[in-house]
Amino acid sequence: MNKQTATLSRSIYELLSSMRFAISLLTILAIASIIGTVLKQNEPYANYIIEFGQYWFTVFQWLGLYDVYRTHWFVVILSVLVASTSTCIYRNLPMMLREMRSYRENATEQSLRHFQHVAEISGNQVNAHILTQYLDVQGYRYKQKQTGEHLLIAAKRGSANRLGYIFTHSAIVLICIGGLIDSNIPLKIEQAFGWKKIETRDIAESQVPAISRLSPSNLSFRGNVTIPEGSSADVVFLNIADGYMVQDLPFKIGLTKFHIEHYSTGQPKSFASDITIIDKKTNRPILSHTVTVNHPLIYDGVAIFQASFGDGGTRLNLNGWNLFDHAGTPFPVKGAIHDTAKLAADDRQYTIEFMDFRPFNIESLGDAKNTMHDTRAVLGGSAVADKKDLHNVGPSFQYKLRDADGQAKEYSNYMLPLFIDKRWYMMSGMRDAPNQPFQYIRFPLDPERTLSGFMRLRGIMLDRTRHPEIAQRFVAYAIPDAPADVKAKLIDSTIKVLDIFAQGGYKSLSAFIEAKIPAADRDQAAQTYLKILELSTYQAYILTQAQAQQPVPKMDDETGWFIRDSLNSISDIFFYGAPVYLQLANYDEVQATGLQLTRSPGKNIVFGGSALLVLGVFAMFYVRERRLWLLVKQNSVLFAMSSNRKTLDFENEFAQHQQDIAELVKGT
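Below or above, wherever it landed, is the structure these notes cover. (Residues numbered from 1 in each chain as written. Predicted model: local features only at pLDDT ≥ 70, side-chain atom pairs only at ≥ 80, totals over all residues. Heavy atoms only, no water.)

### Quick look at the side chain of Ser212
Right, on to step 1. Along the polypeptide, Ser212 turns up in the loop between α8 (185-192) and β4 (213-214).
Right, on to step 2. On the accessibility criterion, Ser212 (2% relative accessible area) is buried.
Right, on to step 3. For Ser212, the contacting residues outside a window of four places in its chain are Lys197, Ile198, Glu199, Met245 and Val246. (Helix = DSSP H or I, 4+ residues; strand = E, 2+ residues; numbered from the N terminus. Buried < 20%, exposed > 50% of the residue type's maximum accessible area, 1.4 Å probe, protein only. Contact = heavy atoms within 4.5 Å.)

The following block contains the structure:
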């Protein structure tokens with residue numbers, strides 16, 4: 001049993017001290033590091049699902065690729081590499097130190113004659129003192145040994161080359177130890193025993209239980225926090241797997257002012273935060289500092305980086321337009337980014353979740369935005385012009401509208417109207433999921449550049465009790481001199497067209513034509529119905545303008561496009577997914593900074609190891625060890641030389657030494 005144990009121990013020792021084994025571990029770590037560099041780490045799992053899909057998300061999750069440097073297998077490999085490299089050092093260091101100190105002065109004449117680079121030089125009464133002076137000038141250190149009648153001078157230069165091997169191996173150990181320290185092994189142990197657990201619920205920071213909080217004395221961490229202007233924070237959030245942990249800080253960070261500059265394209269040019277470090281016990285400021293990108297503040301062992309920026313709770317004043325009631329007046333809605341508001345519409349309860357606010361948007365109106373459907377074939381709208389025209393289109397805000405069943409759609413609304421195809425529109429985008437592009441609905445503006453004209457027209461077009469009045473006005477305008485029975489039939493047909501359109505827009509009208517009209521007559525019927533619809537809508541527009549005490553609209557191209565755009569938008573609201581359109585009236589912007597805080601006690605160890613690695617590589621590749629022997633006889637000198645690397649420079653150096661020594665021996 002003891003023999004088997006000794007054999008197993010010896011095998012493990014040989015494996016750990018094997019260069020092939022260490023290189024294999026380094027290769028695996030290099031591949032893992034490349035993955036960890038290319039694949040963004042510690043993102044919310046929802047982001048990875050959107051990017052890779054459910055299948056590959058599951059595969060990558062099983063491999064631990066979303067937090068490579070803290071996975072169990074990476075830490076284990078790192079630990080084994082430390083053991084392997086340390087064993088190599090333990091095994092080879094004594095031998096290397098002996099080689100560095102050794103002059104190999106016990107070499108025999110026979111062994112010297114077997115060297116590849118050897119020469120025998122004859123002379124009269126060879127002076128050994130002159131030869132040692134020559135070695136001093138050439139930078140060689142030497143030892144002399146008298147063997148009978150002969151004197152052996154053993155010299156060497158460049159022994160620091162072997163320090164390269166020692167430095168590089170020691171550097172690998174130091175870098176790995178630094179990595180192990182920053183991988184927070186104590187936290188992994190606490191998680192393994194159930195002493196700490198990841199929080200997955202979306203709850204307030206103050207409600208996070210102690211089992212999901214880390215003390216300020218935590219060995220290492222890397223977390224993020226968003227701080228609005230005029231606020232402070234004493235915690236950061238650590239993204240771990242599908243949840244997070246709260247890391248308590250030993251101090252508070254207050255944001256005094258956030259600064260940001262933009263390029264003309266709208267991309268951030270630079271941003272910085274004026275922060276104040278506050279003592280948690282006395283609540284007094286300790287120091288103030290401006291943190292900029294790539295210029296962190298390091299305080300109490302914690303590095304504070306400027307990482308991002310966002311909205312800090314901008315307050316919004318909105319006009320809510322009910323898209324399906326018969327009134328044309330808005331109602332006030334107030335909210336703030338990252339907050340919620342309740343909304344009641346069509347006898348249903350909704351929750352508005354305000355997500356983000358942008359003070360300006362640089363858009364190219366030449367890039368046609370996705371509309372709700374095929375605008376030409378179904379909605380009758382026109383595409384955006386192809387010519388690109390980059391300019392600031394003003395503020396926008398994003399929100400989710402969640403119904404009582406928990407289903408939500410996401411919306412993005414612009415504050416200012418957009419000038420597209422020589423007409424003004426209010427734009428609102430909708431999507432069902434974050435990985436989808438926004439589909440936009442255009443609400444046309446009336447001649448006074450307001451939404452009131454469209455909203456009044458929308459109300460009367462959806463009010464079936466007003467359709468007979470609209471139909472009668474249309475018939476009286478279209479066929480004033482027709483017989484009564486003809487007028488009655490056209491009135492009935494017009495009411496039917498208006499009723500069908502009010503049920504679902506163009507889609508309902510298209511479904512009716514396909515169900516009731518023979519295929520051969522559908523195109524002609526569609527043209528007739530569209531003409532009736534447009535002319536009836538014009539009469540409805542006259543009614544709404546009169547009720548609002550506005551001038552009678554002219555029968556011109558501007559009015560014609562307004563009618564068509566209004567019909568497109570009324571048809572679109574059936575696919576908008578929300579009963580209310582929220583129009584931004586004004587806002588009070590609040591900016592926020594995104595800071596990343598790290599405590600990395602292993603960082604300095606890694607830096608030291610990296611510096612040692614550079615020195616080691618330099619010593620290995622740029623310092624050549626050369627050994628030289630001079631066996632001095634009475635009338636000749638046997639000259640031998642060796643090097644750890646046979647290069648052309650070494651060949652030239654050997655030839656030069658041979659020539660110089662020959663001149664010294666011969667006295668020339």
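### Notes on the pattern of salt bridges
Right, on to step 1. Inspection of every chain in the model, using the stated rule, returns 27 salt bridges.
Right, on to step 2. Asp499 is paired through a salt bridge with Arg464; the nearest N and O atoms lie 3.4 Å apart. Placement of Asp499 in helix α12 (residues 484-516) and of Arg464 in the loop between α10 (452-462) and α11 (467-478) is noted, with a sequence separation of 35 residues between them.
Right, on to step 3. On the basis of relative accessibility, which here comes to 14%, the residue Asp499 falls in the buried class.
Right, on to step 4. Taking relative accessible area as the criterion, Arg464 reaches 48% and is therefore assigned partly exposed.
Right, on to step 5. Taken together, the salt bridges that share partners define one network made up of Glu99, Arg104, Arg162, Glu625 and Arg627. (Salt bridge = Lys/Arg side-chain N within 4 Å of Asp/Glu carboxyl O.)

### Observations concerning the state of the cysteines
Right, on to step 1. For the structure shown, the criterion picks out 0 disulfides.
Right, on to step 2. The thiol of Cys88 is unpaired, and the distance to the nearest cysteine sulfur, on Cys176, comes to 12 Å.
Right, on to step 3. Classification of Cys88 by relative accessible area gives buried; the value is 6%. (Disulfide = S-S within 2.5 Å.)

### Here's the deal with the sheet that holds strand β26 (residues 636-643)
Right, on to step 1. Taken in spatial order, the 5 strands line up as β1-β26-β25-β3-β2 in an open sheet, and their pairing is antiparallel. Taken across any chain shown, the strands that pair with only one partner, and hence form the sheet edges, are β1 (117-122) and β2 (141-147). Going from strand to strand, the sheet's axes swing by 15° on average, the running direction of each strand aside.
Right, on to step 2. Where strand β3 (residues 150-157) meets strand β25 (residues 626-632), 7 bridges bridge the pair, whose relative direction is antiparallel. Among the inter-strand pairings, Ala154 is bridged to a residue of β25, identified as Trp629.
Right, on to step 3. Across the sheet, helix α16 (residues 648-666) touches β1, β25 and β26, and the angle it forms with β1 is around 15°. (Pairing = 2+ DSSP bridges. Axes fitted to C-alpha atoms, helices over the stretch in contact; angles between N-to-C directions.)

### A short note on unusual backbone geometry
Right, on to step 1. Here Asn184, not a glycine, exhibits a phi torsion of approximately 55°, which is positive.
Right, on to step 2. Its place among the elements puts Asn184 in the loop between α7 (161-182) and α8.

### Remarks on the packing of aromatic side chains
One pair of aromatic rings is described through two measures. These are the centre distance and the angle between the planes.
Right, on to step 1. Evaluation of the coordinates by the stated rule reveals 32 aromatic pairs.
Right, on to step 2. Taking 5.2 Å as the distance between ring centres and 85° as the angle between the ring planes, the aromatic pair formed by Phe52 and Phe60 counts as edge-to-face.
Right, on to step 3. Seen in terms of ring centroids, Phe438 and Tyr440 are 6.3 Å apart; in terms of plane orientation they differ by 55°. Their pairing is tilted. The same class applies to Phe438 as to Tyr440, namely buried.
Right, on to step 4. Members of the aromatic cluster, connected to one another through ring pairs, are Tyr45, Tyr48, Phe52, Tyr55, Trp56, Phe57, Phe60 and Tyr66.
Right, on to step 5. Over the aromatic face of Tyr103 sits the side chain of Lys156, whose NZ or CZ is 4.5 Å from the ring centroid.
Right, on to step 6. Cation over ring: Arg157 sits above Tyr140, and NZ or CZ is 6.0 Å from the ring centre. (Phe/Tyr/Trp six-rings, centres within 6.5 Å; stacked < 30°, edge-to-face > 60°. Lys NZ or Arg CZ within 6 Å of the ring centre and 35° of its normal.)

### A closer look at helix α2 (residues 19-38)
Right, on to step 1. The first and last C-alpha atoms of α2 sit 29 Å apart over 20 residues, in line with the 28 Å expected at 1.5 Å per residue.
Right, on to step 2. Restricting attention to buried positions, one finds in α2 the residues Ala22, Leu25, Leu29, Ala32 and Gly36. Seen end-on, α2 carries its buried residues on one side only, within an arc spanning 95°. Facing away from the buried surface of α2 by more than 90 degrees, the exposed residues are Met19, Arg20, Ile34, Thr37 and Val38.
Right, on to step 3. For α2, the secondary structure elements touched by its buried residues are α4 (72-101).
Right, on to step 4. For α2, the side-chain oxygen to backbone nitrogen distance between the N-cap and Arg20 is 3.3 Å, and the N-cap itself is Ser18. (Expected span 1.5 Å × (residues − 1). Arc of directions from axis to C-beta. Polar contact = N/O pair within 3.5 Å; in protein donor to acceptor, adjacent residues only side chain to side chain.)

### Some thoughts on a nonpolar patch on the surface
Right, on to step 1. Taken together, the side chains of Leu613, Val617, Phe618, Phe621 and Tyr622 make up a nonpolar region of the molecular surface, amounting to roughly 540 Å² of accessible area.
Right, on to step 2. Tracing the backbone shows Phe621 in helix α15 (residues 603-622).
Right, on to step 3. We classify Phe621 as exposed; its relative accessible area is 57%. (Patch = residues over 30% accessible without salt bridge, like charges linked within 9 Å, V, L, I, M, F, W, Y side chains within 5 Å. Areas by Shrake-Rupley, 256 points an atom, 1.4 Å probe, with all protein chains shown as cover.)

These values are about where atoms sit, not about what they do.
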